Amino acid sequence: MFNKRVRIKEVLEGDLLNREITVMGWVRTFRNNQFIALNDGSTNSNLQVVLELGKFDESLLKRITTGAALKITGILVASLGKGQKVELKAQKAEVLGDSDAEKFPLQPKKHSLEFLREIAHLRFRTNTFGAIFRIRHSLAFAIHQFFNQKGFVYLHSPIITASDAEGAGETFHVTSFDLENPTKNEDGSINYKEDFFGKPTNLTVSGQLEAELAALALGDVYTFGPTFRAENSNTARHLAEFWMIEPEMAFSDLEDDMNLAEEFIKYIIKYILENNREDLDFLATRLTEEEKQKPQNERSEMRLIEKLEFVTNNDFERLTYTEAIEILKNSAANKKKKFQYPVDKWGIDLQSEHERYLVEKHFKKPVILINYPKEIKAFYMRQNDDGKTVAAMDILAPGIGEIVGGSQREERLDVLEKRMREMNIPVEEMNWYLDTRRFGTVPHAGFGLGFERLMLFVTGMTNIRDVIPFPRFPKNAEF
Ligand code: ATP
Ligand code: MN
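About the cut-offs
Residues numbered from 1 in each chain as written. Chains lettered and ligands numbered in written order. Predicted model: local features only at pLDDT ≥ 70, side-chain atom pairs only at ≥ 80, totals over all residues. Heavy atoms only, no water. Helix = DSSP H or I, 4+ residues; strand = E, 2+ residues; numbered from the N terminus. Areas by Shrake-Rupley, 256 points an atom, 1.4 Å probe, with all protein chains shown as cover. Lys, Arg positive; Asp, Glu negative; His and termini not counted. Charge placed at Lys NZ, Arg CZ, Asp CG, Glu CD. Buried < 20%, exposed > 50% of the residue type's maximum accessible area, 1.4 Å probe, protein only. Pairing = 2+ DSSP bridges. Contact = heavy atoms within 4.5 Å. Polar contact = N/O pair within 3.5 Å; in protein donor to acceptor, adjacent residues only side chain to side chain. Near = heavy atom within 4 Å. Nonpolar A, V, L, I, M, F, W, Y, C, P; charged D, E, K, R; others polar. Axes fitted to C-alpha atoms, helices over the stretch in contact; angles between N-to-C directions. Phe/Tyr/Trp six-rings, centres within 6.5 Å; stacked < 30°, edge-to-face > 60°. Lys NZ or Arg CZ within 6 Å of the ring centre and 35° of its normal. Core = buried A, V, L, I, M, F, W, Y, C linked by side-chain atoms within 4.5 Å. Parallel < 35°, antiparallel > 145°, perpendicular 65-115°, else oblique. Left-handed = near helix turned anticlockwise from the far one by under 90°. Patch = residues over 30% accessible without salt bridge, like charges linked within 9 Å, V, L, I, M, F, W, Y side chains within 5 Å. Salt bridge = Lys/Arg side-chain N within 4 Å of Asp/Glu carboxyl O.

Focus on the overall build of the protein chain
- For the protein chain, the count of helices and strands is 14 helices and 16 strands.
- A total accessible area of about 24000 Å² is found for the protein chain, and carbon and sulfur atoms account for 49% of it.
- The protein chain carries 64 positive and 73 negative side-chain charges, and their two centres are separated by 6 Å.

Okay, here's the thing in structure tokens:
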């Protein structure tokens with residue numbers, strides 16, 4: 001068997017002292033023809049491998065270069081050097097894959113995130129991205145664990161769909177037509193009847209509508225899958241392809257929804273604090289170093305770990321949109337015209353700068369805003385009795401702004417149909433959706449959490465392109 005190896009994580013944490021073991025990994029550095037820092041991706045830490053002088057061929061030593069893959073068998077001994085408790089005294093060393101040090105783009109020094117984004121196929125081999133993608137895995141696992149423990153059913157909502165859940169129209173079309181030569185009607189328009197699905201289709205922007213259908217039978221469900229938006233937002237918080245978690249609960253109102261979201265966020269952050277401490281510590285230090293470049297007033301008030309602990313230990317602030325507008329309108333920032341978008345009247349859509357002001361400057365903790373004006377929210381949100389607002393809730397997080405968007409859904413058929421007509425949503429085409437309201441409708445609620453926004457929050461990274469393996473954004477679909 002080839003792969004009779006011990007992972008470096010286990011070597012460093014386990015009880016293998018004085019045992020013969022085999023490890024495999026990639027060279028991070030090689031010093032004095034003697035000391036190899038070997039990393040196999042199982043942990044942020046490297047294993048120090050010691051090659052006794054004179055014991056190994058010169059020709060082999062020459063091939064031990066940064067990036068090369070090695071198989072080492074040796075005895076694990078206590079280390080006298082500083083920086084590690086154990087080291088591997090090599091008996092056998094084999095190069096599995098050479099790496100031309102002249103050409104290997106990753107040098108043993110700090111690279112900029114922009115540069116690493118261009119070599120995203122290799123950035124997994126850096127400490128930063130190793131930590132990020134181990135945390136991404138753990139978060140995904142914790143999410144499934146949370147819902148499983150609560151008795152939710154994991155629903156695979158379709159990726160190709162004929163509906164645009166938000167009605168926002170920012171979708172990617174799916175077709176099997178030859179785009180140079182699609183089948184056309186006599187009037188020159190495209191004949192979708194001849195297309196693969198017999199009608200226009202697109203990549204999903206949200207699995208919510210399908211999740212609602214399932215929730216009104218299975219009770220509590222959640223989706224966790226990729227979503228696609230052709231929004232031309234070239235921001236550090238938007239991707240064209242991102243992952244979303246969308247729970248949907250029957251027999252629930254807006255308060256149940258907020259409670260679930262808050263419990264959920266606290267649970268998964270706690271999970272990461274307990275299970276990914278080494279990687280978090282690494283990223284926390286990285287962030288502190290990076291912030292030293294910034295002026296004092298732009299630095300975070302809390303260190304990363306402190307911030308995460310703070311979120312798990314404190315209740316989120318809950319207030320209405322109307323209350324938030326009052327706070328923003330009367331804020332010094334607004335009066336001194338510090339906002340790019342001034343807050344002058346009830347009804348405006350909150351910008352990221354407003355959300356961050358509430359979270360970072362005013363309340364200094366995560367905030368849940370509820371009861372938004374219906375004009376700025378989706379058709380499916382339940383209308384409140386005031387005739388002006390809907391039972392929506394957004395959760396705003398420090399450094400990011402909106403991280404969760406949710407609502408109690410409109411379960412009353414007549415009210416829903418009326419709202420859909422007002423908003424020009426094709427009622428006939430959505431008969432399948434309305435059927436849930438026709439047959440045994442119940443109060444229900446849910447939310448969507450952008451997985452990469454959560455990743456930004458947890459890792460302290462500032463650009464969403466750095467928390468997904470291969471980011472898709474305007475003019476970029478590399479790898
Ligand atoms: P924003 O105002 O930030 O564009 P949105 O109102 O379009 O967000 P929703 O439609 O409510 O967002 O989507 C639910 C969640 O998905 C958001 O709370 C956010 O966490 C995430 N999200 C939305 N758009 C993107 C995107 N382009 N890239 C990454 N995550 C996103
Ligand atoms: Mn958006």
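Some details on the pairing of strand β14 (residues 389–397)
- Buried residues dominate β14, accounting for 9 of its 9 residues.
- Alignment of strand β13 (residues 367–373) against β14, held across 6 bridges, turns out to be antiparallel. Looking at the pairing, Y372 lines up with V390 of β14.
- Count of turn residues in the β14/strand β15 (residues 401–408) antiparallel hairpin: 3 residues, of which G399 carries a positive phi of about 85°.

What about the environment of M302?
- Locating M302 in the fold gives a position in the loop between α7 (277–291) and α8 (304–313).
- The exposure class assigned to M302 is partly exposed, which follows from its relative accessible area of 28%.
- Residue contacts for M302: discarding those within four places in its chain leaves K307 and F310.

Quick notes on the side chain of T389
- For T389, the location among the structural elements is in strand β14.
- The exposure class of T389 is buried, given its relative accessible area of 4%.
- Here the side chain of T389 touches D386 through a polar contact of 2.7 Å, side chain to side chain.

Here we look at the site of ligand 1
- Around ligand 1, a shell composed of 16 residues is seen, among which E231, H238, L239, E402 and I403 lie nearest.
- One of the backbone N or O atoms of I403 is found 2.9 Å from an oxygen atom in ligand 1.
- R453 places a side-chain nitrogen or oxygen 3.0 Å from an oxygen atom of ligand 1.
- When ligand 1 sits alone it has 580 Å² of accessible area, and the protein chains cover 81% of it.
- When residues of the shell around ligand 1 are traced back to their parent elements, those giving at least two are β11 (241–250), β15 and β16 (444–450).
- Looking at the shell around ligand 1, the element that brings in the most residues is β15, giving 4 residues.
- Tallied by class, residues from the shell around ligand 1 come to 6 nonpolar, 4 polar and 6 charged.

So, unusual backbone geometry
- Here N33, not a glycine, exhibits a phi torsion of approximately 55°, which is positive.
- Mapped onto the elements of the fold, N33 is located in the loop between β1 (20–31) and β2 (35–39).

Examining the sheet that holds strand β10 (residues 220–228)
- With mixed pairing, the 8 strands of this open sheet are ordered in space as β6-β10-β11-β16-β15-β14-β13-β12. Strand pairing shows two members of the sheet lacking a second neighbour, β6 (153–154) and β12 (317–320), which therefore form its edges.
- Where β11 meets β16, 5 bridges bridge the pair, whose relative direction is antiparallel. Each bridged residue has a counterpart across the sheet, and for E248 the counterpart in β16 is G446.
- The strands touched by helix α9 (residues 321–329) are β12 and β13; relative to β12, the strand with the most contacts, the crossing angle is about 95°.

Quick notes on the packing of aromatic side chains
- This structure, assessed with the given rule, holds 22 aromatic pairs.
- Plain terms: the ring middles of Y321 and W346 are 5.6 Å apart, the flat faces sit at 85° to each other, and that makes the pair edge-to-face. One end of the pair, Y321, is in helix α9; the other, W346, is in the loop between α10 (332–335) and α11 (352–363), with 25 residues separating them in the sequence.
- Given the relative accessible area of 0%, Y321 is considered buried.
- Through successive ring pairs, a cluster of aromatic residues spans F146, F147, F152, Y154, Y222, F264, Y267 and F447.
- The ring of W346 has K388 lying over it, and the distance from NZ or CZ to the ring centre is 4.7 Å.
- Note that R465 overlies the ring of F473, its terminal NZ or CZ placed 3.5 Å from the centroid.

Quick word on the nonpolar core
- Counting 65 residues, the largest nonpolar core has F264, M393 and V458 as the members making the most contacts within it.
- Looking at which element gives the most residues to this core, the answer is helix α6 (residues 254–275), with 11 residues.
- Residues Y321, I348, L416 and V427 belong to the second largest nonpolar core, which totals 32 residues.

With respect to the pairing of β11
- Most of β11 sits out of view: 8 of its 10 residues are buried.
- Relative to β11, β10 runs antiparallel, the two being bridged by 9 bridges. Each bridged residue has a counterpart across the sheet, and for Y222 the counterpart in β11 is P247.

A short note on the packing of helix α4 (residues 127–149) against α6
- Packing of α4 against α6 brings their axes to within 9 Å, and their N-to-C directions diverge by 135°. Between α4 and α6, the angle is such that the two are oblique. The way α4 lies across α6 gives a crossing that is right-handed. On α6, the residues that touch I135, S138, L139, F141, A142, I143, Q145, F146, F147 and Q149 of α4 are L260, E263, F264, Y267, I268, Y271 and I272.
- Counted by class, the contact of α4 with α6 contains 13 nonpolar, 3 polar and 1 charged residues.

Some words on the sheet that holds strand β7 (residues 160–161)
- Judged by pairing direction, the sheet is antiparallel, and its 3 strands sit side by side in the order β7-β9-β8 without closing on themselves. Since the sheet does not close on itself, it has two edges, and those belong to β7 and β8 (173–174), each with one partner.

Regarding a nonpolar patch on the surface
- A cluster of nonpolar side chains, namely I159, I160, F196 and F197, defines an oily patch on the protein surface of about 380 Å² accessible area.
- Relative to the helices and strands, I160 is located in strand β7.
- Looking at I160, the relative accessible area reads 38%, which means it is partly exposed.

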